[in-house]
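In case you want the letters, here they are:
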Amino acid sequence: MQRIDALPIHIRAVTKTYGAVYALDGVDLEVRSGEFLTLLGPSGSGKTTLLMVLAGFTRPDAGSLKFGDAEVIRMPPHRREVGMVFQNYALFPHLDVAANIGFPLKLRGIDKNDIHARVESALATVQLQGFGDRRIHQLSGGQKQRVALARAIIFEPRILLMDEPLSALDKKLREHMQIELRRLHEQLGMTTVYVTHDQREALTMSDRIAVINHGRLIQLDDPRAIYDHPADPFVANFIGESVLLPVEIIDGKPCYRGRPLQVAAGHARDDKTTPGALLMLRPERLVFMDDARADAAAYNRFDGVVGHAVYQGENFVTYITLDDGHEVAVRSVSRKQSLAAAPPPGSTVTLGLHRDETALIPGHTAAAGNNNNDAETNRGHKP
Amino acid sequence: MTAAAMDINAAALRRDERREKLALFSLCAPASLLVLVIIVAPVGWLFWLSLFNDAGVMSLDNYTRMFESKSYTRIFITTFQVSFLTTALCVLLGYPLAYFLAQLPRRWAALGMLAVLLPFWTSLLVRTYAWLVVLQRKGLVNQWGMELGLWEAPLRLAHNLNGTLIGMAHIMLPFLVLPLYGAMKAIDFDYMKAAANLGANPVSAFRHVFLPLSLPGLFAGIIIVFVLCLGFFVTPAVLGGGKVIMVSMKIETLVDLFFNFGTASALGVVLLGLTLLVLFAAHKLLQLDRVLGGGHGGNP
């Protein structure tokens, strides 16, 4: 299939309420032409509602939605010309694979031979040559996924929407499809809005991620910025694992338990302008300190007692209770030396966090206790 | 474990499986017995009776008469005509009704379903006579119609084909609506969304997606209604006023008036045969197993 001429999407102050609940609370979002943007959020955050507004299945209460220069907020779904891959694929069970994929072309009154040729080409694009006369119920989950994708792109929509399209697949296939969807996006180049609650999927696939919570856009950034510099404690907890420690600002300098923290210049976002801050500890960024380390001085230090350890195959995770009671996880790669060097339970250790990897998150110190509780529960779900 | 002990285990597991199957079969034994006693045996007896002519001699007279006499042929034609027209009426009334109910939110759909089912739970005879009251020469419809000046002379709505069709369509409607509603409810609404997203306006989304997906339910309803109509007695007897004679009514006359069990049985056997033929044709044409088994109307 040919490269598609993409369109940008301009979302302005889109609001949707269900009774007293704001599903979308004044969302402003610019999706750049040809980019792969992921709407990421927990269930009930409003990400799917936003996608449904883009597709035209949900009528918002207010706001503006433009595809390119055209206002489409009142346009019925069948005239929007956007492709969509549904969570359950929504392949028509009474039609075979070719008829499913050719469906949008048939509606557009395209000549039968043309349809046939284009269906073949679309099947080739999703690597399903020769599957045209299969029935839908004969397909595996991954094949259905590809057929749904072929059907969504065959009419060359300039915008493609995907609603958790990989959630029904098993882990291996899901990771394979992530790469393939990404490859297809690079090949065809249409503006893609992808909904998922899987943060790893979002990090893997996206050009940019829009984190949504409580119907609001919390942060819009590329995956690395989202992971390294979360805009608030919610993003820090939702994406990756983290424990947030309260930080006092003393004389304009961030301190943890009275000890000043070394923070790399570029990493200390907003720490001077906000009244308080939180220190984000990610398990893979923490190391066991060893004074033999050449650059030991470049590390912020945290003392604690070793709790239990979990072996996860490629990694092992050690849980440490810090002196102030916070439990943090340290993730190490399972190499023979590191396993042998792992501190035994009950021993006292010093953890190190390199100053270049020390990130402060805007947040009130007063609220730090609460945020930290969140962090604890969050971590508890995914060791 | 020794090999001998393994063999003993295997034998015991086989025994357990056999016992389980037997236990499952015994669950349906009472029903099987009932079918044997109240269906297979009487039908067999009926068939046996039909083989004796008026003189009590074994012959095929009852059958040959049916093919020679025009009146019998006409009765069969009438029966099929009435059944066909009733079924058509039910489809015309029932499809939009089922569609409407399937679109309603759960609570309102339940209420609507109650409205469909309430008459279903009322005595057949009561409903049929109620229609007679409504439709007859000086009935409600004619009174109101004339008072409002819609028509001059009373319409002939009862004691003829009109009355028969109105009454039968009313009685049969739930049999069409129920399977159809079930099939429609099983259609994932995402299919309609997908159709719209792919460029189908509401009309073509209905035509290309909803309608074909609801067909198995519609066919199931059509077959149930048509087959029930073939053997229907009370309503055509009351509302037809003797002008619409169906096979069941002829059988009744033969038994009640002429005490002619042989011919009556033969009629019954032929009707049964024709009904089975209809079912067989439907099976061949529409793959009935899929229709009755819920088909592909539901989720993939």
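Treat the numbers as computed from the prediction; the structure is a model and nothing was measured.

## Brief notes about the overall build of chain A
Then, in step 1: When its secondary structure is counted, chain A shows ten helices and 20 strands.
Then, in step 2: Across the 383 residues in chain A, those meeting the buried criterion constitute 53%.
Then, in step 3: Taking contacts inside chain A between residues at least 6 apart in sequence as the whole, the part at least 24 apart equals 69%.
Then, in step 4: If you sum the accessible surface of chain A, you get close to 17,000 Å²; carbon and sulfur atoms cover 50% of it.
Then, in step 5: A gap of 5 Å separates the mean positions of the 44 positive and 46 negative side-chain charges of chain A.

## Regarding the packing of helix 3 (residues 61–68) of chain B against helix 13 (residues 261–286) of chain B
All names here are of chain B.
Then, in step 1: Where helix 3 meets helix 13, the closest approach of the two axes is 9 Å, and the angle between their N-to-C directions is 70°. The angle between the axes of helix 3 and helix 13 places the two elements in the roughly perpendicular class. The crossing of helix 3 and helix 13 is right-handed. In this structure, helix 3 contributes Asn62, Tyr63, Arg65 and Met66 to the contact, and helix 13 contributes Gly262, Thr263, Ala266, Leu267, Val269 and Val270.

## Things to note about the pairing of strand 16 (residues 299–311) of chain A
All names here are of chain A.
Then, in step 1: Inspection of the sheet shows strand 16 paired to strand 19 (residues 348–354) by seven bridges, in the antiparallel sense. By the bridge assignment, Arg301 is partnered in strand 19 with Gly352.
Then, in step 2: As defined by bridge partners, strand 16 adjoins strand 17 (residues 315–322) across six bridges and the pair is classed as antiparallel. Each residue of the ladder has a partner; that of Val306, found in strand 17, is Ile320.
Then, in step 3: The antiparallel hairpin formed by strand 16 and strand 17 contains three residues in its connecting segment, where Gly313 sits at a positive phi of about 95°.

## A few points about the sheet that holds strand 10 (residues 216–221) of chain A
Residue and element names in this part refer to chain A.
Then, in step 1: Read from one edge to the other, the open sheet built from six strands follows the order 6-7-8-3-9-10, with strand pairing classed as mixed. Strands with a single pairing partner mark the edges of an open sheet, and in this sheet they are strand 6 (82–85) and strand 10. When the angles between neighbouring strand axes are averaged without regard to direction, this sheet yields 20°.
Then, in step 2: Note: strand 3 (residues 36–40) against strand 8 (residues 191–196), five bridges, orientation parallel. In the strand pairing of strand 8, Phe36 is matched with Thr192.

## Let's talk about the sheet that holds strand 16 of chain A
All names here are of chain A.
Then, in step 1: Pairing is antiparallel across the open sheet formed by five strands, whose spatial order is 15-19-16-17-18. Each end of this open sheet is capped by a strand with a single partner; those strands are strand 15 (286–288) and strand 18 (327–333). In this sheet, adjacent strand axes meet at a mean angle of 45° when their direction is disregarded.

## Examining the domain arrangement of chain B
Residue and element names in this part refer to chain B.
Then, in step 1: When cut into domains, chain B gives domain 1 (1–50) and domain 2 (68–292).
Then, in step 2: The straight-line distance from the C-alpha centre of domain 1 to that of domain 2 is 38 Å.
Then, in step 3: In this complex, domain 1 contributes five residues to the contact, which on the side of domain 2 involves seven residues.
Then, in step 4: Summed over both partners, the interface of domain 1 with domain 2 comes to about 450 Å²; 84% of that surface belongs to carbon and sulfur atoms.
Then, in step 5: Counting the surface domain 1 buries against domain 2, the share from its top three residues, Leu46, Leu49 and Ser50, is 72%.
Then, in step 6: Applying the counting rule to domain 1 against domain 2 returns zero salt bridges.

So, how was this worked out
Residues numbered from 1 in each chain as written. Chains lettered and ligands numbered in written order. Predicted model: local features only at pLDDT ≥ 70, side-chain atom pairs only at ≥ 80, totals over all residues. Heavy atoms only, no water. Helix = DSSP H or I, 4+ residues; strand = E, 2+ residues; numbered from the N terminus. Buried < 20%, exposed > 50% of the residue type's maximum accessible area, 1.4 Å probe, protein only. Contact = heavy atoms within 4.5 Å. Areas by Shrake-Rupley, 256 points an atom, 1.4 Å probe, with all protein chains shown as cover. Lys, Arg positive; Asp, Glu negative; His and termini not counted. Charge placed at Lys NZ, Arg CZ, Asp CG, Glu CD. Axes fitted to C-alpha atoms, helices over the stretch in contact; angles between N-to-C directions. Parallel < 35°, antiparallel > 145°, perpendicular 65-115°, else oblique. Left-handed = near helix turned anticlockwise from the far one by under 90°. Pairing = 2+ DSSP bridges. Domains from an automatic or database assignment. Buried area = accessible area lost by both parts, 1.4 Å probe. Salt bridge = Lys/Arg side-chain N within 4 Å of Asp/Glu carboxyl O.

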